[in-house]
Amino acid sequence: MFIRFFVVLIVLMTVFMVGCGYEPYQEETSPDKSIVIQTNLDSEGQFYYKVLYKGKVVIDSSTVGFEFKNIPPMKTGFEILRAKKQSDSESYELPWGEQRYVESDYNQLKIDLREKENLERKFSIIFRIFNDGIGFRYDFPKQKNIDSVVITDELTQFRLTGDHKVWWTPGDWDIYEHLNNTTKVSEIDALSKRSHSSLAQTYIPFNAVNTPVTMKTEDGIYLSFHEANLTDYADMTLLVDTENLVLTSGLVGNDFGYKVEKKTPFVTPWRTIQIAERAGDLIESNLILNLNEPNQLADISWVKPMKYVGIWWEMHLGKSSWDMASGRHGATTENAKRYIDFAAKHGFDGVLVEGWNTGWENWIGDDREGIFDFVTPYTDYDLEEVVSYANDKGVQLIMHHETSAAVSTYEQQLDTAFALCERLGINAVKTGYVGQIIPDGYYHHGQYMVRHYRKVLLKAAEHKVMVNAHEPIKDTGIRRTFPNMISREGLRGNEFNAWSSDGGNPPEHLTIIPFTRMLSGPIDFTPGIFDIKFDKYKPNNQVNTTLAHQLALYVVIYSPIQMAADLPENYEGHPAFQFIKDVGINWDETKVLDGEIGEFVTIARKERETGNWFIGSVTNENEREIAIPLSFLDKDKTYRAVIYKDAEDAHWDKNPTAYVIENKEVQNTDELKIYLAPGGGVAISVFAN
């Protein structure tokens, strides 16, 4: 009897374990139940997942897998060892950011997979489902049959449910500095090419797009695809099957035939999908930050947002040059002091000086390593004297490290370069990587460079230095973990307006960027150009916005380090300059009041230190009337609003500098009616009385 009972018990336990641990179908929801993840195995043991939003499938059955060098791929023949669910809810404070406090609430589903045959290799897929989207990553544990892998392809799919409208840039392996295209998914055509230009060697796979890439479905649902916590891995582009409407991860590679080298155990970056019914909700989402780890730097008292001016725009205009041999050297002791005086007079925190160190005569197109060092100034620039002068004026220098993409040389000098910064009390560095990566065979967005950018960031932190990276790896929320990653470029910035042969950035450019590139993190866009036409220096180029649009960018385009980019002489005595002096750079709250991708966007931000609000709105080439409700202001309180807006006859090309300043008292029951000229904007300071 006992034996029979024991046998029955074992059978029942086995059935129970099979039902709990081996059930192929799994499901989990977001905390508010609006998003559902469904996973399963097909008849060949291939894992796939679906995403539903409010009952509608937004990502259809999408498979995953990996291909490796010298070992079989991992795509089919899986069984589920375990499915584990958990939930987490936390609130954390950002030292700087678009808002002070962030809520992170998610449900997690972790599925452990194992091959039934072959090497019986294992990995897990971890889904985190938030109310504003999902993230999932792969976790390869330590195991006897694979202690290391060389990944040749990651096969993560995102199967779309329609031919959505999409805003995209080509999947360039070297630069993100492309204009956004607006097409249907089926019309994406990023032609494969290799070119060796003065700026970079670029490789763009056929039908590939970079992330963030944002879409709008016919049902009015917004989707944005990106990644979070890109650490020791390759940048993920997305390869687009325009016929079947499937996106597949396309990792950036190198000329050596692989994409990623890893030892087990390891995890991949998170693959992310933001989901929203309102375009502005994409901007307000904290999904990318929430998928990164908390601050790992012990003391960050030296990490401080700042407004700055600098010796920079004058070189792009041709007024001066980076090199000394030209006879028009910009980075002289005398000129640096002029900028320091201007910064001190108008309350700016810092001054950037580019072209200060030797080597600029041959920095582009020279195959030699070590063109620059990062401690030796030109003879007409006394670094010690300039730093001392700035200190006396209460202004700090921002160091500039242009590497000309000679990465190995820069790494050899990191200790020396950052030690100099620390000795001089310089706690911010702008880095640059213009050109083809040295050593040859690597690309800006591959694993080799991802490792390099992180190495620079950590070395900077050792010396209490913030990093503003140009020609960077894209932001994936690492700023939460390492707050000295203060900002980065990674898009077509304002300088393209000074010299680009294609006419510069069109008026719609900054109505797309907040919903694409800015979803990844802060942007050093360098706004604030008042001399829109710059006829004196570049009569064939111009900025393609109104002056009011330039002001609005200080609110619309987020960065904790903002430059007043124009020449000091173009600001002196200009009434509109007051907005740049007043506008905040570190925020308690951010609210996207209205907007449509590629059309217009209106954003309000509350300054941490003062409680003042600032509002910015920009439009594309079309004029429009907008309504700005002030319901976010405190009730029963009167505020003073200073409105910098387009004049009635303003136009980005015909009359770009026509603007009006209006002062009025406002309350939270008011609604402002504002006219935006073609390519125009409005910037509003709201002060508590």
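The residue count restarts for each chain, going from 1 along the sequence in the order it is written. Reporting of local features is limited, given that this is a predicted model, to residues whose pLDDT is at least 70; pairs of side-chain atoms are given and counted only at 80 or more, and all residues count toward the totals for whole chains, interfaces and linings. Excluding hydrogens and water, the side-chain values take into account all heavy atoms of the structure.

Once that is clear, we can look at the overall build of the protein. Strands here are runs of E lasting at least two residues and helices are runs of H or I lasting at least four, both read from the DSSP assignment and numbered beginning at the N terminus. The secondary structure content of the protein amounts to 14 helices and 38 strands. Both definitions apply: the radius of gyration is a C-alpha atom measure, and the globule rule equals 2.2 Å times residues to the power 0.38. Here the protein has a C-alpha radius of gyration of 26 Å; the compact-globule value for 689 residues is 26 Å, and the two agree. Along the first, second and third principal axes, the C-alpha atoms of the protein reach 100 × 60 × 45 Å. Only protein chains enter the accessibility calculation, which uses a 1.4 Å probe. A residue is then buried if its area is under 20% of the maximum for its type, exposed if over 50%, and partly exposed in between. A total of 689 residues make up the protein; the buried ones form 62% of that total. Any two residues whose heavy atoms approach within 4.5 Å are treated as being in contact. Long-range contacts, defined here as pairs at least 24 residues apart, represent 70% of the contacts in the protein between residues at least 6 apart. For accessible areas, the Shrake-Rupley method is used with a probe of radius 1.4 Å. Any residue's cover is judged against the shown protein chains and nothing else. With an accessible surface of roughly 25,800 Å², the protein has 48% of that area assigned to carbon and sulfur atoms.

Take helix α5 (residues 333-346) next. The span you would expect from a helix comes to 1.5 Å times its residue count less one. With 14 residues, α5 extends 20 Å from end C-alpha to end C-alpha; this agrees with the ideal 20 Å at 1.5 Å per step. A positive phi of about 80 degrees marks Gly 347, the residue just after α5.

So, on to helix α6 (residues 383-392). Structurally, the α-helix is built with 3.6 residues per turn, so residues lying three or four positions apart point the same way. Within α6, burial applies to Leu 383, Val 386, Val 387 and Ala 390. Take α6 and look down its axis: the buried residues cluster within an arc of 100 degrees, on one side only. Two N or O atoms count as a polar contact when they lie within 3.5 Å, although within protein this holds only if one can serve as hydrogen donor and the other as acceptor, and sequence-adjacent residues are included solely when both atoms are side-chain atoms. For α6, the N-terminal capping position is held by Asp 382, with its side-chain oxygen 3.3 Å away from the main-chain nitrogen of Glu 384. Looking one or two residues past α6, Gly 394 carries a phi angle of roughly 75 degrees, positive in sign. By arc we mean the arc of the directions from the helix axis to the C-beta atoms, nothing more.

In this section: the confidence of the model for the protein. Scored from 0 to 100, pLDDT records how confident the predictor is in each individual residue. Averaged over all residues, the pLDDT of the protein is 94; the fraction at 70 or higher stands at 94%. Confidence drops under pLDDT 50 across residues 1-20; counting only partners more than four residues distant or on other chains, this segment forms two contacts.

Spatially, three strands are ordered β5-β10-β21 in an open sheet, and the strand pairing comes out antiparallel. Looking at the sheet topology across the chains shown, the edges are occupied by β5 (66-68) and β21 (260-263). For this sheet, the mean angle separating the axes of adjacent strands, direction not counted, is 45 degrees. Think of it this way: DSSP has to see at least two bridges between two strands before they count as a pair. Orientation is described by lines fitted to C-alpha atoms, with helices fitted over the stretch in contact, and by angles between N-to-C directions that extend from 0 to 180 degrees.

When you tally the buried positions in strand β20 (residues 246-251), you get six out of six residues, the bulk of the element. Alternating positions in β20 separate into two faces, Val 246, Thr 248 and Gly 250 on one and Leu 247, Ser 249 and Leu 251 on the other, with burial throughout. Bridge count between strand β11 (residues 157-160) and β20: three bridges; the pairing is antiparallel. Bridge pairing links Phe 158 to Leu 247 in β20. The antiparallel pairing of strand β19 (residues 236-241) with β20 creates a hairpin that spans four residues between the two strands, and Leu 245 there sits at a positive phi of about 60 degrees.

Here a cavity means grid points, on a 1 Å grid over the protein atoms only, where a 1.4 Å probe fits yet cannot get out; a pocket means an open set of points with protein on both sides within 12 Å along at least five of seven lines; lining residues are those with an atom within 4 Å of a point. Grid points are joined across faces, edges and corners, and a volume is the space filled by probe spheres set on the points. Applying the stated criterion across every chain yields a total of eight cavities of 30 Å³ or more. For the largest cavity, the calculated volume is near 230 Å³. Around the largest cavity, the lining comprises 20 residues; the ones closest to its centre are Glu 98, Ile 283, Ser 285, Asn 286 and Arg 479. Counting only elements with at least two residues in the lining of the largest cavity, the list comes to α2 (279-284) and α3 (287-290).

Bringing the packing of α6 against helix α7 (residues 407-424) into the picture now. Contact geometry of α6 with α7 gives a least axis separation of 11 Å together with a crossing angle of 40 degrees. Comparing their axes, α7 and α6 come out oblique. Only Leu 420, Arg 423 and Leu 424 of α7 make contact with α6, whose side of the interface consists of Leu 383, Glu 384 and Val 387. Amino acid classes used here: Ala, Val, Leu, Ile, Met, Phe, Trp, Tyr, Cys and Pro are nonpolar; Asp, Glu, Lys and Arg are charged; the rest, including Gly, are polar. Among the residues forming the contact of α6 with α7, the class breakdown is four nonpolar, no polar and two charged. Each angle receives one of four descriptions, namely roughly parallel if under 35 degrees, roughly antiparallel if over 145, roughly perpendicular if within 65 to 115, and oblique otherwise.

So, on to the pattern of salt bridges. Whenever Lys or Arg places a side-chain nitrogen within 4 Å of a carboxyl oxygen from Asp or Glu, that contact is recorded as a salt bridge. The final tally for this structure, using the stated rule, is 40 salt bridges. Note that Glu 90 is salt-bridged to Arg 480, the shortest N-O span being 3.7 Å. Here Glu 90 is found in strand β6 (residues 78-93), whereas its partner Arg 480 is found in helix α9 (residues 478-481), with 390 residues between them in sequence. Judged by relative accessible area, Glu 90 falls into the partly exposed class, the value being 31%. Classification of Arg 480 by relative accessible area gives buried; the value is 6%. With a shortest N-O distance of 3.2 Å, Glu 98 and Arg 479 are connected by a salt bridge. Here Glu 98 is found in the loop between β6 and β7 (101-115), whereas its partner Arg 479 is found in helix α9, with 381 residues between them in sequence. Each of the two residues, Glu 98 as well as Arg 479, counts as buried. Counted as one network, the salt bridges with shared partners bring together Glu 154, Glu 227, Asp 235, Arg 271 and Lys 474.

Here Asn 540 is to be found in the loop between α11 (509-512) and α12 (547-556). Separated by 42 residues in sequence, Asn 540 and Ala 498 place their C-alpha atoms 9.0 Å apart.

A sheet is described by the order of its strands in space; here eight strands give the open sequence β1-β2-β3-β4-β11-β20-β19-β16, paired in antiparallel fashion. Because the sheet does not close on itself, it has two edges, and the strands there are β1 (26-29) and β16 (208-209).

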